[in-house]
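For reference, the chains in residue letters:
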Amino acid sequence: MEELDGEPTVTLIPGVNSKKKQMCFDWGPGEMLVCETSFNKKEKSETVPGCPFIYIIRKDIDVYSQILRKLFNESHGIFVGLQRIEEELTGKSRKAQLVRVSKNYRSVIRACMEEMHQAAIAAKDPASGRQFSSQVSILSAMELIWNLCEILFIEVAPAGPLLLHLLDWVRLHVCEVDSLLADVLGSENPSKHESFWNLVTILVLQGRLDEARQMLSKEADVSPTSAGMCRILGDLMRTMPVLSPGNTQTLTELELKWQHWHEECERHLQDGTFASSPRLESLCKIMLGDEAALLEQKELLNNWYHFLVTRLLYSHPTVKPIDLHFYAQSSLDLFLGGESSPEPLDNILMAAFEFDIHQVIKECSIALSNWWFVAHLTDLLDHCKLLQSHNLYFGSNMREFLLLEYASGLFAHHSLWQLGVDYFDYCPELGRVSLELHIERIPLSTEQKALKVLRICEQRQMTEQVRSICKILAMKAVRNNRLGSALSWSIRAKDAAFATLVSDRFLRDYCERGCFSDLDLIDNLGPAMMLSDRLTFLGKYREFHRFYGEKRFFDAASLLLSLMTSQIAPRCFWVTLLTDALPLLEQKQVIFTTEQTYELMRCLEDLASGRPVRGEPGAQRLQEDIENTKLEMLRLALARNLARAIIKEGSLEGS
């Protein structure tokens, strides 16, 4: 088994002393329950836990941040769009599209970072302000890493354009200079501003030589003694060879021009052109790529990767991608000077400069608090065909593993779980299984939410999950006495046993109240009534009432008799059925034939004899349910109908 890169972080739970008390815990898909137990072998005197609370420890708390939720929502659309257009991408258009997708991801990070920054400023208490500021730093680091990966792995910039991209990278992430520039230019006398020379130095360090030259011209206007030196240094800045995006010159031509320019700068320095102005001389040394002069500006450079890009600009402008790691490592060593150790961000950037994609992903997974960054970056790099050879030992590849982890975290949230569904969909190996496991754990707090889950399951032909959800909703409806809804869900679940239970409740309510509830549902059961015998009986019994209401007495009589003789009606309901036959028996017109009347009489005698039928509810109380008066009325009505039927049938035969 692979060893850990470091000790895992310790999470302290307030009020819990794990050294004195034994802990009890239970893992969940996205969180863990922790509590103290009273079990203690050494100290038997104390039997009550000292901490009577159950703590919920969540592994991915970022999903509960209101601002970060916007990051998750926006990036979800970009992710799904990338999966859908993948098949259409080829050649140069593919690369351009992937770069565009990468920039879209970065713009989402940046927008979220700006909003978090505003929240930090507007925070009312210091603790919230610190929390927001910390999150801003994390988002800034994420965008810094992503931008570098975009340059090195997605743009795949060659020598020449590579440095231009790196300059833009540094300028984008060291943005204090713009506010400083506005502050200096907004003063009455810019050249006398206390930060004037710091500003000029930073502009040179970032390769913004046109702006630096303009600032020097302001110094020349107010200081005649240094005007000549400012003009010479300004000319050197103006003539520095730079490979612009639309330039057609070759790298060889650029190197020759740059060599001549470099020699001219060195000649001015050796001739003492700037000897009387230490500041201008320092600027000239920076433009010569002098490492000592650059390291003197540590405070203005802020970090080693800014130092690296400035060093490359003035010493190796045509650096090749393959040589980057050498200059990056030496720049890191020079900048830190052995005084401090590299931070996690330094290790990640160094891995990127070494073109070690897997190490970048590994370091980011350790350093960052959630899976959003590594999941989306890995997916994008996988679309760039950079991760095809890296499969994990348990059957999945790195892209799928990270997407599964990220989606699992989303399922811990009450609404973000809907985003997680699409991430599982685009994991061909284990996505389906993971979705089935997670979707079963979603709390169906409202019917609207349940319908969303159900629709997702039905779209993916997840039959077992559909049946399970319908059963849960049917049970809830029964507990709330919403029989129509319960019957509808049980039919949707194709659960015959539960449909029988609900049908019995309908019949019981009918016996108590004398009418049916949810008539629309029962009237439109259609083929669904064949799910169970009891449901069939419910539908047919309602049909009997409809026939009777429409005065279709012969149809009603035939249906009533068939319900009793087919054994489809529950035995305990026969009294009700026979009672329903009374109005038909008392009609002026003879409805029941002799044969039908005999059948009804047999059913009545079966009831009177109280012969229980095995397995039917209420069979033991049949004798109690049959009132003597009702029995006599039924016998009398049946005898009278039998006489009328015999006379009618005899008259018909005689005629």
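Residues numbered from 1 in each chain as written. Predicted model: local features only at pLDDT ≥ 70, side-chain atom pairs only at ≥ 80, totals over all residues. Heavy atoms only, no water.

### Observations concerning the confidence of the model for the protein chain
- Model confidence for the protein chain is summarised by a mean pLDDT of 82, while 84% of its residues fall at 70 or above.
- Note that residues 612-616 has pLDDT below 50 and, in this model, five contacts with residues that lie over four places away or in other chains. (pLDDT = per-residue confidence, 0-100. Contact = heavy atoms within 4.5 Å.)

### A few points about the side chain of lysine 449
- With respect to the helices, strands and loops of the structure, lysine 449 is situated in helix 21 (residues 447-459).
- Not counting residues within four places of it along the chain, the set of residues in contact with lysine 449 comprises His414, Trp417, Ile442 and Pro443. (Helix = DSSP H or I, 4+ residues; strand = E, 2+ residues; numbered from the N terminus.)

### Looking at helix 15 (residues 344-353)
- Burial runs high along helix 15: seven of the 10 residues are buried.
- Of the residues making up helix 15, those classed as buried are Asp346, Ile348, Leu349, Met350, Ala351, Ala352 and Phe353.
- Where helix 15 is buried, its residues touch helix 3 (126-155), helix 4 (161-173), helix 13 (304-315), helix 14 (324-336) and helix 16 (357-367).
- Directly beyond the C-terminal end of helix 15, a positive phi value near 60° is found at phenylalanine 355. (Buried < 20%, exposed > 50% of the residue type's maximum accessible area, 1.4 Å probe, protein only.)

### Some details on the pattern of salt bridges
- All told, the structure shown has 19 salt bridges when counted by the stated rule.
- The partner of aspartate 555 in a salt bridge is arginine 552, and the shortest N-O contact between them spans 3.2 Å.
- Where salt bridges share partners, they join Lys103, Arg106, Arg110, Glu143 and Glu150 into one cluster. (Salt bridge = Lys/Arg side-chain N within 4 Å of Asp/Glu carboxyl O.)

### Comments concerning the packing of helix 5 (residues 176-185) against helix 7 (residues 209-222)
- It is at 13 Å that the axes of helix 5 and helix 7 come closest, and there the two elements cross at 25°. Here helix 7 runs roughly parallel to helix 5, going by the angle between their axes. In this structure, helix 5 meets helix 7 at a crossing whose hand is left-handed. Between helix 5, through Leu181, Val184 and Leu185, and helix 7, the contact on the second element is made entirely by Glu211, Met215 and Lys218.
- In terms of residue class, the contact of helix 5 with helix 7 is built from four nonpolar, no polar and two charged. (Axes fitted to C-alpha atoms, helices over the stretch in contact; angles between N-to-C directions. Parallel < 35°, antiparallel > 145°, perpendicular 65-115°, else oblique. Left-handed = near helix turned anticlockwise from the far one by under 90°. Nonpolar A, V, L, I, M, F, W, Y, C, P; charged D, E, K, R; others polar.)

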